[in-house]
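Structural overview for review
What follows is the residue order along each chain.
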Amino acid sequence: MSEITITLPDNSTRSYNAGITPLEVAESIGQRLAQDTVAASINDELSDVTVPLMADAQLKLFTGNSPEGHEVLLHSTAHLMAQAVKMLWPKAKVTIGPAIENRFYYDFDIQSTFSNEDLEKIENQMRQMAKDDLTVKREIMSRDAAITLFNDMGEDYKVEIIEQIDSQDDISTYRQGEFIDLCRGPHVPSTGKIKHFKLLSSAGAYWRGDEKNKMLQRIYGTVFSTKKELKEYLHFLEEAKKRDHRKLGKELEIYSFDDEVGPGLPLWLPNGGIIIDELEGLAKETESQHGYHRVRTPHLTKGDLYKKSGHLDLYKDAMFPAMDIDGIEYYIKPMNCPHHHKIYDASPKSYRDLPYRISEYGTCYRYEKSGQLFGLMRVRSMQMNDAHIYCSEDDFETEFMDVCQMYLKYFKIFGIEKYEMRLSLHDPVELGKKYINEPELWDQTEVVVRDTLKKGNINFVEIPGEAAFYGPKIDVQVWSAIGKEFTLATNQVDFAIPKRFNLTYTDESGSEQTPLCIHRAPLSTHERFIGFLIEHYGGDFPLWLSPIQVAILPISEKTLTYAQSVKSIMEKTGIRVKIDDRSEKIGAKIRQAELKKIPVMAIVGEKEAEEKTVSLRRRIIGDQGAVHIKQLLESLNSEIKKRSLPHRES
RNA sequence: GCCUACGUAGCUCAGUGGUAGAGCACUUCCUUGGUAAGGAAGAGGUCGCCGGUUCAAUCCCGGCCGUAGGCUCCA
């Protein structure tokens, strides 16, 4: 038998007889490695560990805690689950079951639905089969043979999938015990490798994600290579729930929903009102430094305006139905752009007026499908940090970059580090359906935006099919505590204005020109932004945003008068203060302030009253000792003015 | 919108075919205590809404409303 040379990732080489498998190579290195190995890559191609090596090769062995190995483990556990479901519900049809981030799922076409008890039953069945350590065997067959096989088994969905595979390609299947599944692989060599798993939830899901198709039953689960990792992941999911803005928003009395008001229509409580005021303060300050003019526009507008803007053709599904006023159709506005265009058009513009920048925290209403609503992050009424910049082509790059810089400035203030800048482009197939039918303008604008981003050294990914109906966008994507993705800030180019609104300006030579329009919302909407901030800070807002900044905690009623004088001194400098005048011990007052996540506690007893000090305690950090009032005011006001980030545990 | 689960006091939740309970919060009283819960008493609910079954429904059935998870990451 001929010898082959296997090169390992550390560039060491080993000689083996041809036909040896990656698993046997692992065994020759160490029993422990062999036990943990779930997949391999041969010359950088992911593979089963039982594939014989016939020639010299670069070999990598993946254990279950490597990203590649974990994915294989997830995928194999999905198969194990499908096998269990088929045993318990022989009539169920299998469809697809991929690995996703830290989880897997499998969709079944089944008459009934899965209850929590069913999940337990399935899990037990899986444990049994894992214990039985069934060999997982890869088999290659022709496309036709595969179609016959799955047809005979009544697995219609698998047949549908195979029929879409190139007729030249062979089909791979995996068999474990009685169960056989169509799959590209790779998979673990035997079910005994699957040890630490848990089924998480069941849900409905459309076949191929299309709501026109049949609804299948999906089960989500997770698996890790060690018990510790599984425990950590489940713990992480629990912690994420604690950060959820829907929980914290209620606890901190920031907003609420009321059945009688309607779904997706948040009520801002006084604490939320304060956060809104602070955000608007930041926006006003920043925008005035950048040459914006503030405007205001009505919530209600005639339908003709939205016909002109294209909303009624391309955005109507997201608009509330028209109301009839004196025989004319009016709509509640879903966007502020048309009104801003009208403001531009309210007086003649010359090149001297450009760039013309107008901003408004405009209130918009959008009809989101009921199942899409999500706390504050996806609502039906929203106030946008909106602005439109009308400029000449020459000014476009500077203006566009200025907007990008504004994002980055804001993100720094809020300490937002985990986000993805996305260049959202149109999909040519959808021209005239989803997008304004101006193929050349689309291409032209997308090139300009992409080049500008590159010039500005801004990292971004490109996603086709995500543009606004009127132009390409730069979206800033973030994730909620429980992992849902949202567009936070957005910056869009609107090239359709000239035709539709006939906006013009007079250039230096006296001839009429058409401006470009940039639409931007770096602070998103109040709803989504504050929802995001609650989770981002875990409820621990920086001092400048905290609804209550200082809690004054008198040791006893004897120092209540002093506490009141401290309060009024602080209030005069604009600090938001509350006294806890309950007849409670200091420990209870501190506990209450900590639970309400008030950043600063000023404890005042007789000693402090005498010395005109307070005993300072910062939330999370703890006791800071006595501080003179004047000194405290200075440091707090400076922290507020600088909009410093919250103090963290070191 | 669709699938599934859920809806009991301000909050978190228990409970039963015979008109309801705990803890926290709230109010009052006692306590005046120095860095994460002092004590006592009291008040608080049309058991999401509408209908049906029943002598009797918060509980069983149906409809509606709302909330949650999912419906995107393609063998």
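Model, not experiment: these values are computed from the prediction.

Digging into the domain arrangement of chain A
Buried accessible area, meaning the area lost when the parts come together, often serves as the stated size of an interface. Structurally, chain A comprises domain 1 (3–63), domain 2 (68–239), domain 3 (267–536) and domain 4 (543–642). Taken over C-alpha atoms, the centre of domain 2 sits 57 Å from the centre of domain 4.

Section: a negative patch on the surface
There is a patch of like negative charges on the surface, built from D304, D324, D326 and E329. Mapped onto the secondary structure, D326 falls in the loop between β18 (323–325) and β19 (328–332). D326 sits in the exposed class, given a relative accessible area of 75%.

Re the packing of helix α5 (residues 143–152) against helix α6 (residues 156–163)
Interaxial distance between α5 and α6 falls to 8 Å at its minimum, and their mutual angle equals 165 degrees. What the angle tells us is that α5 and α6 run roughly antiparallel. α5 and α6 meet at a crossing whose hand is left-handed. Seen from α5, the contacting residues are R143, A146, I147, F150 and N151; seen from α6, they are K158, V159, I162 and E163. Residue composition of the contact of α5 with α6, grouped by class: five nonpolar, one polar and three charged.

Points about the pairing of strand β22 (residues 420–425)
Within β22, five of the six residues are buried, which leaves the element mostly enclosed by the surrounding structure. Of the strand pairs in this sheet, β22 and strand β24 (residues 473–479) are connected by five bridges, and their pairing is antiparallel. Counted as the bridge partner of E420 is Q477 from β24. Where β22 and strand β23 (residues 461–464) come together, four bridges link them in parallel fashion. From the neighbouring strand, R422 faces β23, where its bridge partner is V461. For the crossover that starts at β22, traverses helix α14 (residues 439–455) and ends in the parallel β23, the hand is right-handed.

A word on the packing of aromatic side chains
Under the counting rule described, the total for this entry stands at 25 aromatic pairs. Judged by centre distance (5.3 Å) and plane angle (45 degrees), the rings of F224 and Y233 are tilted. Relative accessible area serves as the criterion here: at 10%, Y233 is assigned to the buried category. Measuring from centroid to centroid gives 4.8 Å for F411 and Y419, while their planes differ by 70 degrees, and the two rings are edge-to-face. By relative accessible area, which is 28% here, Y419 ends up partly exposed. One aromatic cluster is present, formed by W89, Y106, F108 and F114 through successive ring pairs. Over the face of the ring belonging to F197 we find R127, whose NZ or CZ atom lies 4.4 Å from the ring centre. Here K349 stacks its cationic end above the ring of Y356, 4.6 Å away from the centre of that ring.

Overview of the pattern of salt bridges
Charged atoms that come close allow side chains of opposite charge to pair. A complete count under the given rule lists 37 salt bridges for this structure. The closest approach of N and O atoms between K60 and D44, which form a salt bridge, is 3.3 Å. Of this pair, K60 sits in strand β5 (residues 57–63) while D44 is found in the loop between β3 (37–42) and β4 (45–47), placing the two residues 16 residues apart along the sequence. The exposure class assigned to D44 is exposed, which follows from its relative accessible area of 63%.

Brief notes about the side chain of E399
As for its placement among the helices and strands, E399 is situated in helix α13 (residues 393–414). A relative accessible area of 7% places E399 in the buried class. Filtering out sequence-adjacent residues up to four positions away, E399 remains in contact with P355, R357, I389, C391 and I518.

Here we look at the protein's contact with RNA strand B
Taken together, 55 residues are adjacent to RNA strand B, and C183, G209, R591, E608 and S615 come closest. Atoms of RNA strand B within 4 Å of the protein: sugar and phosphate make up 50%, bases the balance. Take R184: an N or O atom from its main chain is 3.0 Å from a sugar or linking oxygen of RNA strand B. At 3.0 Å from a base nitrogen of RNA strand B is found a side-chain nitrogen or oxygen belonging to E594. Those elements giving two or more residues to the surface near RNA strand B turn out to be β12 (196–206), β13 (215–224), α8 (245–251), α18 (586–595), α19 (606–611) and β32 (613–618). Top element by residues in the surface near RNA strand B is α18. It accounts for six residues. Grouping the constituent residues of the surface near RNA strand B by class yields 20 nonpolar, 13 polar and 22 charged.

So, α18
Those residues of α18 that fall on the buried side of the exposure criterion are K589, I590, A593 and E594. Around the axis of α18, the buried residues are gathered within 135 degrees of arc, so they sit on the same side. The exposed set on the far side of α18, more than 90 degrees from its buried face, consists of R591 and L595. One or two residues past the end of α18 sits K597, with phi positive at roughly 55 degrees.

Some remarks on the environment of G625
Here G625 shows up in strand β33 (residues 622–628). Considering only alpha carbons, one finds G625 and S615, ten residues apart in sequence, at a separation of 5.3 Å.

Looking at the nonpolar core
Within the largest apolar cluster, 75 residues are counted, with the highest numbers of intra-cluster contacts made by L279, F414, I552 and M570. If you tally residues by element for this core, the top one is α13, at eleven residues. Every residue in contact with L279, bar those within four places of it in the chain, is listed here: Y361, F414, L523, H526, F529, I530, L533, W544 and L545. By size, the runner-up hydrophobic cluster in this structure holds 32 residues, among which are F62, V72, L74 and I110.

Scoring rules and cut-offs
- Residues numbered from 1 in each chain as written.
- Chains lettered and ligands numbered in written order.
- Predicted model: local features only at pLDDT ≥ 70, side-chain atom pairs only at ≥ 80, totals over all residues.
- Heavy atoms only, no water.
- Domains from an automatic or database assignment.
- Patch = residues over 30% accessible without salt bridge, like charges linked within 9 Å, V, L, I, M, F, W, Y side chains within 5 Å.
- Areas by Shrake-Rupley, 256 points an atom, 1.4 Å probe, with all protein chains shown as cover.
- Salt bridge = Lys/Arg side-chain N within 4 Å of Asp/Glu carboxyl O.
- Lys, Arg positive; Asp, Glu negative; His and termini not counted.
- Charge placed at Lys NZ, Arg CZ, Asp CG, Glu CD.
- Helix = DSSP H or I, 4+ residues; strand = E, 2+ residues; numbered from the N terminus.
- Buried < 20%, exposed > 50% of the residue type's maximum accessible area, 1.4 Å probe, protein only.
- Axes fitted to C-alpha atoms, helices over the stretch in contact; angles between N-to-C directions.
- Parallel < 35°, antiparallel > 145°, perpendicular 65-115°, else oblique.
- Left-handed = near helix turned anticlockwise from the far one by under 90°.
- Contact = heavy atoms within 4.5 Å.
- Nonpolar A, V, L, I, M, F, W, Y, C, P; charged D, E, K, R; others polar.
- Pairing = 2+ DSSP bridges.
- Right-handed = clockwise from strand over helix to strand, strands pointing away.
- Phe/Tyr/Trp six-rings, centres within 6.5 Å; stacked < 30°, edge-to-face > 60°.
- Lys NZ or Arg CZ within 6 Å of the ring centre and 35° of its normal.
- Near = heavy atom within 4 Å.
- Polar contact = N/O pair within 3.5 Å; in protein donor to acceptor, adjacent residues only side chain to side chain.
- Arc of directions from axis to C-beta.
- Core = buried A, V, L, I, M, F, W, Y, C linked by side-chain atoms within 4.5 Å.

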